Amino acid sequence: MHSASRAAVVGVLGLWASGPALASPPGDEVVAQIDQGSYQYILDELLYTHMGDSRGIKGPEHNLARDNINAQFISFGLDTHIETLSYGGNTGFNIVAELTGTTRPDEIYIIGAHYDSVKNPGADDNASGVAGIIEMARVISRYDSEATIRFIAFDMEEIGLIGSKNYNALHKHENIAGMISMDMIAYDPGDNRRATLYGRTEPIKQALAEALLEYGGIGASIGGELDASDHAPFDRRGVPACLLIEYDSWSNPHYHRQTDSVDTPGYIDYAYATDMTRGAAGWLVDEAGVLAGCAADFNADGAVDTLDVLTFLNAWSAGDPEADVNGDGQINSLDALSFLNLWAAGC
Ligand SMILES: [Zn+2]
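Being a predicted model, the structure only gives us computed values, none of them experimental. (Residues numbered from 1 in each chain as written. Predicted model: local features only at pLDDT ≥ 70, side-chain atom pairs only at ≥ 80, totals over all residues. Heavy atoms only, no water.)

**Student:** Talk me through the overall build of the chain; I want residue IDs and the actual numbers.
**Tutor:** Regarding its fold elements, the chain presents eleven helices and eight strands. Taken over the C-alpha trace, the chain has a radius of gyration of 19 Å; the compact-globule value for 347 residues is 20 Å, and the two agree within 12%. For the chain, the C-alpha atoms occupy an extent of roughly 55 × 40 × 40 Å along the three principal directions. Within the chain, the fraction of its 347 residues that count as buried is 55%. Of the contacts made within the chain by residues no fewer than 6 positions apart, 77% connect residues no fewer than 24 positions apart. For the chain, the accessible surface area stands at approximately 13,700 Å², while carbon and sulfur atoms represent 55% of it. Looking at the chain, you have 19 positive and 50 negative side-chain charges, and the mean spots of the two groups are 8 Å apart. (Helix = DSSP H or I, 4+ residues; strand = E, 2+ residues; numbered from the N terminus. Rg over C-alpha atoms; globule rule 2.2 N^0.38 Å. Buried < 20%, exposed > 50% of the residue type's maximum accessible area, 1.4 Å probe, protein only. Contact = heavy atoms within 4.5 Å. Areas by Shrake-Rupley, 256 points an atom, 1.4 Å probe, with all protein chains shown as cover. Lys, Arg positive; Asp, Glu negative; His and termini not counted. Charge placed at Lys NZ, Arg CZ, Asp CG, Glu CD.)

**Student:** I'd like a description of the layout of surface pockets, backed by residues and values.
**Tutor:** Roughly 620 Å³ of volume is contained in the largest pocket. Every residue lining the largest pocket is counted, 29 residues in all, and those nearest its centre are Thr102, Asp144, Glu322, Asp324 and Val325. Sorting the residues of the lining of the largest pocket by element identifies β2 (90–99) and α11 (333–345) as the ones contributing at least two each. Residues of the lining of the largest pocket, tallied by class, amount to 14 nonpolar, nine polar and six charged. Each of domain 1 (24–288) and domain 2 (296–345) contributes no fewer than three residues to the lining of the largest pocket. (1 Å grid on protein atoms, 1.4 Å probe; cavity = no way out; pocket = protein on both sides within 12 Å on 5 of 7 lines; lining within 4 Å. Points joined across faces, edges and corners; volume = space filled by probe spheres on them. Nonpolar A, V, L, I, M, F, W, Y, C, P; charged D, E, K, R; others polar. Domains from an automatic or database assignment.)

**Student:** Please provide a residue-by-residue account of helix α7 (residues 202–216), values included.
**Tutor:** Over its 15 residues, α7 extends 20 Å from the first C-alpha to the last, a length consistent with the 21 Å expected when each residue adds 1.5 Å. Considered for burial, the residues of α7 that qualify are Ile204, Lys205, Leu208, Ala209, Ala211, Leu212, Tyr215 and Gly216. Angular distribution of buried residues about the axis of α7 spans 165°; they occupy a single face of the element. When the buried face of α7 is taken as reference, the exposed residues oriented beyond 90 degrees from it are Pro203, Glu210, Leu213 and Glu214. One or two steps after α7, the chain reaches Gly217, where phi turns positive at roughly 65°. (Expected span 1.5 Å × (residues − 1). Arc of directions from axis to C-beta.)

**Student:** Mind laying out the coordination of the zinc ion, listing which residues take part and the relevant values?
**Tutor:** Taken together, the protein ligands of the zinc ion are His114 (NE2), Asp125 (OD) and Asp183 (OD), with distances of 2.0 to 2.5 Å. Site description for the zinc ion: donor spacing in sequence, H-x10-D-x57-D. Residue Asp125 is located in helix α5 (residues 123–140), and its partner Asp183 is located in the loop between β5 (175–182) and β6 (194–198); the two are separated by 58 residues in the primary sequence. In this pair, the class of Asp125 matches that of Asp183, namely buried. (Donors = N, O, S within 2.8 Å, 3.2 Å for Na, K, Ca; no water.)

**Student:** Tell me what's going on with the side chain of Lys205, and back it up with residues and numbers.
**Tutor:** By the secondary structure assignment, Lys205 is in helix α7. Those residues in contact with Lys205 that sit more than four places away from it in its chain are Leu197, Tyr198, Gly199, Ile222, Gly223, Gly224 and Cys242.

**Student:** Can you tell me about the nonpolar core, naming the residues and giving the values?
**Tutor:** Phe73, Met136, Ile140, Phe151 and Leu244 are the most contacted members of the largest nonpolar core, which has 78 residues in total. If sequence neighbours within four positions are ignored, Ile140 has contacts with Val30, Leu99, Ile149, Phe151, Ala281, Leu284, Val285 and Val290. Counting residues in each nonpolar core, the second largest holds eleven residues, with Ile110, Ile152, Tyr167 and Met179 among its members. (Core = buried A, V, L, I, M, F, W, Y, C linked by side-chain atoms within 4.5 Å.)

**Student:** Requested: an account of the pattern of salt bridges, with residues and values cited.
**Tutor:** Taken as a whole and assessed by the stated rule, the structure comprises 13 salt bridges. With a closest N to O distance of 3.2 Å, Arg200 and Glu225 form a salt bridge. Here Glu225 lies in the loop between β7 (219–222) and α8 (232–236) and Arg200 lies in the loop between β6 and α7, a separation of 25 residues in the sequence. On the accessibility criterion, Arg200 (31% relative accessible area) is partly exposed. Its salt-bridge partner being Asp235, residue Arg200 comes within 3.2 Å of it at the nearest N-O pair. Of this pair, Arg200 sits in the loop between β6 and α7 while Asp235 sits in helix α8, and the two are 35 residues apart along the sequence. Members of the salt-bridge network, linked through shared partners, are Arg200, Glu225, Asp227, Asp235 and Arg236. (Salt bridge = Lys/Arg side-chain N within 4 Å of Asp/Glu carboxyl O.)

**Student:** Would you mind going over the pairing of β7 in detail, with residue names and values included?
**Tutor:** Side chains of β7 alternate between two faces, with Gly219 and Ser221 buried and Ala220 and Ile222 left unburied. In terms of strand pairing, β6 meets β7 through four bridges, oriented parallel. Paired with Thr196 across the two strands is Ser221, which belongs to β7. (Pairing = 2+ DSSP bridges.)

**Student:** Describe the sheet that holds β5, listing the residues and the values that go with them.
**Tutor:** On the basis of which strands lie adjacent, the open sheet formed by eight strands has the order β1-β2-β4-β3-β5-β8-β6-β7 and mixed pairing. Both edges of this open sheet fall to β1 (79–87) and β7, since each of them pairs with a single strand only. Averaged over all neighbouring strand pairs, the angle between strand axes comes to 25°, with direction disregarded. The pairing of β6 with strand β8 (residues 241–246) spans four bridges and is antiparallel. Each residue of the ladder has a partner; that of Thr196, found in β8, is Ile245. Each of β2, β3 (104–114), β4 (147–154), β5 and β8 touches α5; the most contacted strand, β3, lies at about 145° to it. Running at roughly 165° to β3, helix α9 (residues 270–288) makes contact with β3, β4, β5, β6 and β8 of the sheet. (Axes fitted to C-alpha atoms, helices over the stretch in contact; angles between N-to-C directions.)

Structure follows, in structure tokens:
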């Protein structure tokens, strides 16, 4: 952002700081920043969803999409790494971005979406879900959370849930308190504004249904077990996990076809997908205890200004644990970069 517009933004935030916006509950404050224009930009421009593109495991755009997803998570200041997979002679990559919890770090919430496709542009299946987790990460990364949140872009889903099976097996010792797979969230031909939730454990489906309605205005139908997406490995061993999917997925005529593309006229419903994302974000905020008041306001005085940079630099040079902005347990130059990114993004 240009410095002149930066000053304008800070000025506007100064006005907001005295208004009622900061007094709203964290769910409303966070969800209000989930933006349809931003969602559409991610889906159309970063994830290779145009006619002729392929994020199939051998597709030319697969690793390009991986690199863009990874770069987005890093730009949000999240502690990000790639876990490499090997299956059937192919190499895959789960991309994991973490916002480490401040007071309940061992309690982990996962929001996942697979980015591989079936040799096609996979706009709905499943760049739509990936755009959702990136947009959520963009906003939620500006806040502190009591519990740990992991945004995971899974790979190799279409060849047998390989990415999520692998991740689940590697992380069995951890306390995963809730996991949602967002898979196909952008097709709503009848404008029904409904979702379907699948999984074995009821409470997580009920909580997500309530959040979808409250934060997204989306109704939900509660289904039973359906081991057809990345929640399944977690769900099968008793972790509270479920699939969030569009109501009309079974009748999607573009499913696994070349026409599952953002270029197919009238196909992708960006407003609906953004509201699905709002609902899932609200669930995350409520469950993980995301705290109101964004992290860029480092001195917590209600404004984001140069005082926050000074306060951060003092904490950083003193080795104050507060300065571990990316939550990796170390205080180094990466934290300074993360904080400056947060600060430039504002609240
Ligand atoms: Zn899928």
